[in-house]
Amino acid sequence: MQHLNDQKLLKHASYINGCWHYCVNEIAILNPATGEEIAKVCNAGVTETELAIQSAKKALKAWSAKSANERSTLLRNWFDLMMANQDDLGRILTSEQGKPLAEAKGEVAYGASFIEWFAEEGKRIYGDTIPASSGDKRIVVIKQPIGVVAAITPWNFPNAMIARKAAAALAAGCTFVVRPATQTPLSALAMAELAERAGIPAGVFNVVVGDDARGMGKILTEHKDIAKFTFTGSTEVGKSLISQCATTVKKVSMELGGNAPFIVFDDADIDAAVAGALVSKYRNAGQTCVCTNRILVQENVLAEFTEKFIEAVKALSIGNGLDEDVTVGPMITAQAVKEVRKLIDESISQGAELTFGDYDLSIGENFLAPIVLSKVTNDMPVAHYEIFGPVAPIISFQDESEAITIANDTEFGLAAYFYSRDIGRVWRVAEGLDFGMVGINEGLISNAAAPFGGMKQSGNGREGSKYGLDDYLEIKYLCMGGLDK
Ligand code: NAP
């Protein structure tokens, strides 16, 4: 890969105990926009994973013994370095993942913002004193780092999904081993290089890259020296990892799939709703867990919304994310395109209409043009399943209670959005939606100060915010007795 200001950010091997571990077997990392090989990375496996766990275990004592201020300074250094290298990190990210460069740089800043946030929040790990049941006793509650944390992360946010977890874990005093997705290890390795430059000690942050997802995942979920496992990915894989974690009763947090409804009521500012739906649907070519999956529009504004939405979609520009002005990049693989097309085809055969979009776009097998489907019902495949592609299904509804019923009729519960200017409706709908995050007159909701996470089969635990440290801490109750003279 060329055009990096700092070529040393492009790494080719796992980072374990402060060292780069080279091996014979390699994985080719491809640019999804062009199919070109951008780098080769050593293919580590279960042996290196075990090594990383042992190095994290060894580093735990000294790291957890540091003061919150000392850890904060090192995390702050890491944040500063990520921001100073935002351009290069963005370029690496776009090259391996495909999203437009501006979005990739935005992801780097978003990921870094969690490191900045937890550098501060780590100073506020407060305990409690609780009135005791008798005068000769005192009840004190302290919080301690849970121990070694293992993480598995997906390809759609190769930087931020790691930063969100590692920042909280390290701030809490835990050490960390992450296995990034096979297709996108370069962002993770660049983060490791910067962690080292930031002064984060060897063994505290480890990245193991390899294509044996099952084998490496088994160790990370079942190892007795790992106290906590955190996963971002599909619900299907998440479920099997939860059961693997049960063998050692690990603390688990899961950021899984979504099926976000985006509801437009007839009292909404329609232009604002169009802008919100556009960014929430087509960001990252529709490949985000909080992407709008179903657009629900009240019948009496359906024509107006659809017309304005299509006008906005026409302005999107699809192509290689490294090219200027591109707003929708490729999907991650040709197989992913095929799967989304299948959802479209099946829904059309059940009565949906392709209202806008170049279904047969021919700029490359990894590309799918932004598509708008009308006359969709909630039982069609595009509404039932997580699409994970640039397809906007529009469903119409009559009234508020029908909208809430349709929105909640899914096994997922990650993000939901709605647009309304009626204050009573705003409260009723916000409280009625079974989702962990609700955007009200807003299509972009995630930030480091807010708790990110889902209900139902979208997972458990929260990332970011003052709640985000809880997943990495043990609560310990100290009962002090014998205080009578
Ligand atoms: P995925 O297939 O579940 O893969 C995610 C990660 O798990 C990858 O690193 C993958 O490795 C690994 N993996 C796959 N099978 C495994 C196994 N049997 N044991 C251990 N690890 C295994 O999900 P994806 O398709 O990459 O990502 C998209 C999904 O992630 C969507 O459902 C999306 O909604 C969800 N997501 C959720 C959030 C959130 O915060 N809630 C954020 C982003 C994405 P390989 O790369 O080697 O396959």
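The model shown is predicted, which means the values in this text are computed figures rather than measured ones.

Peer 1: Would you take a moment to explain the overall build of the protein for this structure?
Peer 2: The helix and strand inventory of the protein stands at 14 helices and 22 strands. In summary, the protein has a C-alpha radius of gyration of 23 Å against a globular reference of 23 Å for 485 residues, a match within 12%. Dimensions of the protein, computed from C-alpha atoms along their principal axes, come out at roughly 75 × 60 × 40 Å. By residue count, 57% of the 485 residues in the protein fall in the buried class. Partitioning the intrachain contacts of the protein with sequence separation of at least 6 by distance along the chain shows that 73% fall at a separation of at least 24. The average position of the 45 basic charges and that of the 60 acidic charges among the side chains of the protein differ by 9 Å.

Peer 1: Honestly, the domain arrangement of the protein in this entry has me stumped. Any pointers?
Peer 2: How big an interface is tends to be stated in terms of accessible area lost as the parts join. Once the domains are mapped, the protein shows domain 1 (7-256 + 458-477) and domain 2 (260-448). Of the residues lining the interface, 30 residues belong to domain 1; the matching set on domain 2 comes to 26 residues. Roughly 2100 Å² is buried in total at the junction of domain 1 and domain 2, and carbon and sulfur atoms are behind 57% of that figure. At the junction of domain 1 and domain 2, the tally comes to zero salt bridges. Of all the secondary structure elements, the ones that give two or more residues to the side of domain 1 that touches domain 2 are helix 3 (86-97) and helix 4 (101-121).

Peer 1: I keep staring at the pairing of strand 19 (residues 437-440) and nothing clicks. Help me out?
Peer 2: On a regular strand, each side chain points to the face opposite its neighbour's, so the side chains alternate between the two faces of the sheet. Only one face of strand 19 is covered, namely the face carrying Met437 and Gly439; the face carrying Val438 and Ile440 is uncovered. Both strand 18 (residues 415-419) and strand 19 contribute to a ladder of four bridges, which runs parallel. In the strand pairing of strand 19, Ala416 is matched with Val438. A crossover connection joins strand 18 to the parallel strand 19 through helix 14 (residues 423-432); in handedness this β-α-β unit is right-handed.

Analysis parameters
Residue positions are counted from 1 within each chain, in the order its sequence is given. It should be noted that, the model being predicted, local features are given only for residues of pLDDT at least 70 and side-chain atom pairs only at 80 or more, the latter also being counted only at that level, while totals for whole chains, interfaces and linings use all residues. Side-chain numbers come from the whole structure's heavy atoms, not from hydrogens or water. Helix numbering and strand numbering both begin at the N terminus, where a helix is a DSSP run of H or I of at least 4 residues and a strand a DSSP run of E of at least 2. Put simply, the radius of gyration uses C-alpha atoms, and a globule should come to 2.2 Å times the residue count raised to 0.38. Relative accessibility under 20% of the residue-type maximum defines a buried residue, over 50% an exposed one, and the middle range a partly exposed one, all with a 1.4 Å probe and only protein chains included. Contact between two residues is taken to exist if any of their heavy atoms lie within 4.5 Å; hydrogens are not considered. Within this scheme the basic residues Lys and Arg register as positive and the acidic residues Asp and Glu register as negative, but His and the chain ends are omitted. To locate a charge, the coordinates of NZ of Lys, CZ of Arg, CG of Asp or CD of Glu are taken. Domain delimitation follows an automatic or database domain assignment. Buried area: the sum, over both parts, of the accessible surface (1.4 Å probe) that disappears when the two are put together. One speaks of a salt bridge when a side-chain nitrogen belonging to Lys or Arg is within 4 Å of a carboxyl oxygen belonging to Asp or Glu. Pairing between strands is defined by DSSP: at least two bridges between them are needed. Note on handedness: a clockwise path from strand one over the helix to strand two, with the strands aimed away from the viewer, defines a right-handed crossover.

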